[in-house]
Amino acid sequence: MRPDHPIVLITGASAGFGEATARLLASRGCHLILGARRLERVQALAAELIAAHGIRAFACAVDTRDTASVEAFVKAGAEALGGLHGVVANAGLASGLHKVWEIPDADLEAMLRTNVEGVVKTIRAALPFVRQSGWGHIFFIGSTAGHQAYENGGVYCASKHGIKALAHTLRLELCGEPIRVTSVDPGMAETEFALVRLGDPAKAKALYQGLQPLAGADVAECIRWAFELPEHINIDELIVKCRDQASHTMAKVNRKA
Ligand code: NDP
Ligand code: 8X3
């Protein structure tokens, strides 16, 4: 049975979708385990949400690329709050824009280690605690880039196609257990994502010029909706784009002059 106040672990809770999801789920009475590399941000968020909503929250630094770091984070969080029900394996990034044959090792490794290995490590560490709690919901954060590749984004797109495969596989493997598996796959969303990818605030801003992209809160709302549905319903995959983006890539976007 879904508990009245589920305990939800979110990676990448220091910004963007992860932070917005923490805010929304806290307002719905969830207890939270929040992780990211920027400890001061997740600590401040946890303190704010405890004060605002009377929930319990645990915040800890985690680098999802590192097995020991992830395992320590998940264990400490689940033990501190007394269980684990929801997992939002959200931490991820794009690093640069490169032709497949030109990508530097640093960008290649950053994306594959964070977006694929980090997600597997998070779920692998969390699943025993979710099973022990008797009810659960695992969220992957995919992307439209997991449905349609685009030039100069080959490795990022590969990582998100990988998320699609992992979500499908995990759903097959968990069938029969009281654990749902959902992939939320957004299109263009204004978070710190473009700044991290491009390293230049002006270029990041220009990406969304003249259109209204998704915000972190929009993606959080998709997660909340899927999470609160009656428990016999599983949303497998939820592709969400802003109205101004008609294609999975930026091939067809509506920009005002
Ligand atoms: P942000 O850059 O705003 O947030 C990314 C989060 O991931 C931060 O909290 C960052 O925290 C965390 N993170 C990155 N690397 C690590 C790591 N090694 N260990 C732990 N945490 C890490 O981007 P978004 O919120 O937009 O991105 C969240 C997810 O959504 C990503 O998987 C991204 O690929 C995906 N996505 C984004 C879209 C967009 O257009 N914005 C569209 C579709 C999908 P810190 O730096 O403190 O570690
Ligand atoms: C992020 C969306 O279009 O930049 O996943 O790849 S896109």
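The sections below set out a description of the structure shown in this document. (Residues numbered from 1 in each chain as written. Chains lettered and ligands numbered in written order. Predicted model: local features only at pLDDT ≥ 70, side-chain atom pairs only at ≥ 80, totals over all residues. Heavy atoms only, no water.)

**Some details on the overall build of the chain**
- Each helix and strand in the chain was counted, giving eight helices and nine strands.
- Against the globule reference of 18 Å for 257 residues, the chain gives a C-alpha radius of gyration of 17 Å, in line with a compact fold.
- When burial is assessed residue by residue, the chain has 49% of its 257 residues classed as buried.
- Put simply, of all contacts in the chain between residues at least 6 apart along the chain, 72% involve residues at least 24 apart. (Helix = DSSP H or I, 4+ residues; strand = E, 2+ residues; numbered from the N terminus. Rg over C-alpha atoms; globule rule 2.2 N^0.38 Å. Buried < 20%, exposed > 50% of the residue type's maximum accessible area, 1.4 Å probe, protein only. Contact = heavy atoms within 4.5 Å.)

**Points about the site of ligand 1**
- Taken together, 29 residues are adjacent to ligand 1, and Ser-14, Arg-37, Arg-38, Tyr-156 and Thr-191 come closest.
- Between ligand 1 and the protein, one listed contact pairs an oxygen atom with a backbone N or O atom of Gly-12 at 3.0 Å.
- Taking Arg-37, its side chain carries an N or O atom lying 2.7 Å from an oxygen atom of ligand 1.
- Contact with the protein chains covers 96% of the free accessible surface of ligand 1, which is 880 Å². (Near = heavy atom within 4 Å. Polar contact = N/O pair within 3.5 Å; in protein donor to acceptor, adjacent residues only side chain to side chain. Areas by Shrake-Rupley, 256 points an atom, 1.4 Å probe, with all protein chains shown as cover.)

**Some words on the pattern of salt bridges**
- The tally for this structure, following the rule as stated, stands at twelve salt bridges.
- Among the ionic pairs, Glu-192 bridges to Arg-41, the shortest N-O distance being 2.8 Å. Highlighted residues: Glu-192 in the loop between β7 (189-190) and α6 (193-198) and Arg-41 in helix α2 (residues 39-53), separated in sequence by 151 residues.
- Between Asp-236 and Arg-171 there is a salt bridge whose closest N-O contact spans 3.5 Å. Of this pair, Asp-236 sits in the loop between α8 (216-228) and β9 (237-240) while Arg-171 sits in helix α5 (residues 154-174); the two residues are 65 residues apart in sequence, bridging distant segments of the chain.
- Overlapping salt bridges, with partners in common, bring together Arg-28, Glu-221, Arg-224 and Glu-228 in one network. (Salt bridge = Lys/Arg side-chain N within 4 Å of Asp/Glu carboxyl O.)

**Details of helix α4 (residues 105-133)**
- Here α4 is 29 residues long and its end C-alpha atoms lie 40 Å apart, about the 42 Å a rise of 1.5 Å per residue gives.
- The sharpest bend along α4 reaches about 35° and sits at Leu-127, with the proline Pro-128 one to four residues further on.
- The positive-phi residue at the C-terminal boundary of α4 is Gly-134, with phi of around 90°. (Expected span 1.5 Å × (residues − 1). Bend = angle between axes of the 7 residues up to and from the residue.)

**Details of empty space enclosed by the protein**
- Evaluation of the coordinates by the stated rule reveals one cavity of 30 Å³ or more.
- The computed volume of the largest cavity comes to approximately 40 Å³.
- In terms of residue class, the lining of the largest cavity is built from five nonpolar, five polar and two charged. (1 Å grid on protein atoms, 1.4 Å probe; cavity = no way out; pocket = protein on both sides within 12 Å on 5 of 7 lines; lining within 4 Å. Points joined across faces, edges and corners; volume = space filled by probe spheres on them. Nonpolar A, V, L, I, M, F, W, Y, C, P; charged D, E, K, R; others polar.)

**Here's the deal with the packing of helix α3 (residues 67-81) against α4**
- Between α3 and α4, whose axes approach to 9 Å, the crossing angle comes to 30°. Relative to α4, α3 is oriented roughly parallel. The way α3 lies across α4 gives a crossing that is right-handed. When α3 is examined against α4, the residues Thr-67, Val-70, Glu-71, Val-74, Lys-75 and Ala-78 are found in contact with a partner set consisting of Lys-121, Thr-122, Arg-124, Ala-125, Ala-126 and Phe-129.
- A class-by-class count of the residues in the contact of α3 with α4 yields six nonpolar, two polar and four charged. (Axes fitted to C-alpha atoms, helices over the stretch in contact; angles between N-to-C directions. Parallel < 35°, antiparallel > 145°, perpendicular 65-115°, else oblique. Left-handed = near helix turned anticlockwise from the far one by under 90°.)

**Looking at the layout of surface pockets**
- Empty space within the largest pocket amounts to approximately 1100 Å³.
- Lining the largest pocket are 46 residues, with Gly-92, Leu-93, Ala-94, Thr-191 and Phe-193 sitting closest to its centre.
- For the lining of the largest pocket, the secondary-structure elements that each account for two or more residues are α1 (16-27), β2 (31-36), α4, α5 and α6.
- Among the elements that line the lining of the largest pocket, the one with the most residues is α6, at four residues.
- Its residues placed into classes, the lining of the largest pocket shows 22 nonpolar, 17 polar and seven charged.

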